[in-house]
Amino acid sequence: MNSYVEKDLKYIWHPCSQMKDYEELPPIVIEKGKGTYLYDIEGKKYLDIVSSWWCNLLGHSNPKINEAIKAQLDNIEHVIFANFSHKPAITLCEELMKIIPQGLCKFNFSDNGSASIECALKMAFQYHYQTGNPQKIKFMCLSDGYHGETIGALSVGTLDLYAKIYKPMLMDTIRIQAPDCYRCPYKKCRENCDVECFKQAEIAFEKYGNETAAMIVEPLLQGSAGMRIYPAKYLTKLRKLCDEYNVILIADEIATGFGRTGKMFAFNHAGVSPDIMCISKGLTGGYMPMSITITTQKIYDAFYADYLEGKAFMHSHTYSGNPLGCSAGLAVQKILKEDNIIENSNKTAQYLHERLNETFLSHKNVGEIRHINLINAIELVKDKKTKEDFDSKLRLGYQIYKKALSKGLLLRPLGDVLYFNPPLTINETEIDEAISICKQAIDEVL
Ligand SMILES: *Cc1c(COP(=O)(O)O)cnc(C)c1O
């Protein structure tokens, strides 16, 4: 073991990890990154097929983003954002206005995804309080949803893996059975479905709509649930239902934003707008911790009053609107536009999906390969016919992860769902390499 690994284990408590696992899989100490690859201190390279937890949008060490941050650094690194402002934040909002769903126009900055969710929940709650509906205090969410890991975000999240132990600390939320297109309870498949599962939302709204402040969703893609993908029609219907019951619709576009689903935002597929949208991850290309909670003029106006009326949104984070993050965000917008990144990614995505189908679809343990743009999930099952899962104690996904790592592929499964969610700039050669290593890893473990 080299000394960096030893010292890492001495000091660092890594996120989302059983640290005892590190006894047999020590941390990989990364020296540098370039494009889709990471390089460790021993010179071994890894293909980063998960975009370093879905945030690296345009490759590591992108020269244009590097340049933008360096240039900003010589002007101002950070400044208090109450009463003060700066050009990068102002210009970033101006640029985002050109691409966000219609109606969204007020930008509240935080420094990570979970914080932007907390901000959205508080905003929705206070909006109703200040517009004559103080009874609207509940939140609705989908089952198997994920919105981050602070207490409020965990409350509207529904994955036991992250939330179970903290249940006594969480607020009581209304959970609606989410669409599950692979194991559809209505016996439909993606091709012939009329979102029959939306009935569950209608039942919940009828019962609790009047006391509900907001409904939060991960649009089209429930990432942490195993890259579950559902039809855009669900969102169109949800928009209508929220309007009927005066429930604020919060879109968590933290994972789906900036081209991940093939359009700029997942909500674009549905042709409707949310009332609040949370963005982070790809916002800075995965460079800087930054997030924004964006809302409408109508919600903003409910907070706008003489100071003594006490209606202000008293929510703040020290690093709100960090100029380095904003300049990274500006560079990302420039690259997306000038290099036609999203349109090009649609083509690479087709190649990736075809190659994955060719390679894995006939495998006896591959239940489904679902995809939306470059995001592809391979769900491993014990039995293809019954869709029965493997015993989770086998930690099959984890075994495959370790195998793939040893061969130079960073593939971090969600349970037994292996997924590809690469930078939008990945090329066909890199895709071939990733698939080849993934296949070897699966074959060796299974
Ligand atoms: C990553 C993620 C979050 C949380 O963001 P953090 O920056 O990790 O706090 C919330 N929602 C979704 C959909 C995410 O993918």
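Everything below is about the structure shown above.
Residues numbered from 1 in each chain as written. Predicted model: local features only at pLDDT ≥ 70, side-chain atom pairs only at ≥ 80, totals over all residues. Heavy atoms only, no water.

A word on the overall build of the chain. Helices and strands together make up the secondary structure of the chain, namely 14 helices and 16 strands. At 22 Å, the chain has a C-alpha radius of gyration in line with the 22 Å of a compact globule built from 446 residues. Taken along its principal axes, the extent of the C-alpha atoms in the chain is 65 × 60 × 45 Å. Buried residues in the chain amount to 55% of all 446 residues. Summing over all exposed atoms, the chain offers an accessible surface of approximately 20900 Å²; the carbon and sulfur share of this is 53%. Taking the average location of the 51 positive side-chain charges in the chain and that of its 54 negative ones, the two points are 3 Å from each other. (Helix = DSSP H or I, 4+ residues; strand = E, 2+ residues; numbered from the N terminus. Rg over C-alpha atoms; globule rule 2.2 N^0.38 Å. Buried < 20%, exposed > 50% of the residue type's maximum accessible area, 1.4 Å probe, protein only. Areas by Shrake-Rupley, 256 points an atom, 1.4 Å probe, with all protein chains shown as cover. Lys, Arg positive; Asp, Glu negative; His and termini not counted. Charge placed at Lys NZ, Arg CZ, Asp CG, Glu CD.)

The next point concerns helix H9 (residues 233-244). The terminal C-alpha atoms of H9, which comprises 12 residues, lie 17 Å apart, in line with the 16 Å expected from a rise of 1.5 Å per residue. Close packing links the buried residues of H9 with strand E5 (138-142), strand E6 (174-176), helix H8 (199-208), strand E7 (212-217) and strand E10 (248-252). (Expected span 1.5 Å × (residues − 1). Contact = heavy atoms within 4.5 Å.)

Right, let's get into the site of the ligand. Surveying the vicinity of the ligand reveals the residues Trp 54, Asn 112, Gly 113, Ser 114, Tyr 146, His 147, Gly 148, Glu 218, Asp 252, Ile 254, Ala 255 and Lys 281. A distance of 2.8 Å is found between an oxygen atom of the ligand and a backbone nitrogen or oxygen belonging to Gly 113. Lys 281 places a side-chain nitrogen or oxygen 2.6 Å from an oxygen atom of the ligand. For the ligand, whose unbound accessible area comes to 380 Å², protein coverage reaches 82%. A per-class count over the shell around the ligand returns four nonpolar, five polar and three charged. (Near = heavy atom within 4 Å. Polar contact = N/O pair within 3.5 Å; in protein donor to acceptor, adjacent residues only side chain to side chain. Nonpolar A, V, L, I, M, F, W, Y, C, P; charged D, E, K, R; others polar.)

This paragraph deals with unusual backbone geometry. In this structure, Trp 54 takes a positive phi of about 70° despite not being glycine. For Trp 54, the location among the structural elements is in helix H2 (residues 51-54). Residue Asn 373 is not a glycine yet carries a positive backbone phi of 50°. By the element assignment, Asn 373 lies in the loop between strand E13 (366-372) and strand E14 (375-380).

A few words now on the pairing of strand E1 (residues 30-34). One ladder, built from four bridges, connects E1 with strand E2 (residues 37-40); its direction is antiparallel. When the sheet's bridge partners are listed, Lys 32 is paired in E2 with Tyr 39. Between the antiparallel neighbours E1 and E2 lie two residues, among them Gly 35 with a positive phi of about 60°. (Pairing = 2+ DSSP bridges.)

Right, let's get into the packing of helix H4 (residues 87-97) against helix H11 (residues 323-338). A pair of packed helices is characterised by two quantities: the angle between their axes and the separation of those axes. Relative orientation of the contacting elements H4 and H11 amounts to 35°, with a least axis distance of 8 Å. As H4 runs across H11, the sense of the crossing is left-handed. Two secondary-structure elements touch here, H4 through Pro 88, Ala 89, Thr 91, Leu 92, Glu 95 and Leu 96 and H11 through Pro 323, Cys 326, Ser 327, Gly 329, Leu 330, Gln 333 and Lys 337. Here the contact of H4 with H11 is composed, by residue class, of seven nonpolar, four polar and two charged. (Axes fitted to C-alpha atoms, helices over the stretch in contact; angles between N-to-C directions. Left-handed = near helix turned anticlockwise from the far one by under 90°.)

Right, let's talk about the environment of Lys 298 for a bit. Inspection of the secondary structure assignment puts Lys 298 in helix H10 (residues 297-301). Spatially, the C-alpha atom of Lys 298 lies 9.5 Å from that of Tyr 127, the residues being 171 residues apart in sequence.

Attention shifts here to the pattern of salt bridges. Enumeration according to the criterion identifies 27 salt bridges in this entry. The shortest N-O distance in the salt bridge between Asp 180 and Arg 228 comes to 3.9 Å. One end of the pair, Asp 180, is in the loop between E6 and H8; the other, Arg 228, is in strand E9 (residues 228-229), with 48 residues separating them in the sequence. For the residue pair Asp 180 and Arg 228, the accessibility class agrees, reading buried in each case. (Salt bridge = Lys/Arg side-chain N within 4 Å of Asp/Glu carboxyl O.)

Time to look at the environment of Leu 380. Counting through the fold element by element, Leu 380 comes out in strand E14. Each C-alpha atom, one on Leu 380 and one on Phe 107, is 41 Å from the other, the two residues being 273 residues apart in sequence. Among all residues touching Leu 380, those that are not within four sequence positions of it are Asn 365, Val 366, Phe 390, Ile 400, Asp 416 and Leu 418.

On to the sheet that holds E14. Strands sit in the order E13-E14-E16 across an open sheet of three strands; the sheet is antiparallel. Among the strands making up the open sheet, the edge pair consists of E13 and strand E16 (417-420). Strand-to-strand twist in this sheet, taken as the mean axis angle between neighbours without regard to direction, amounts to 15°.

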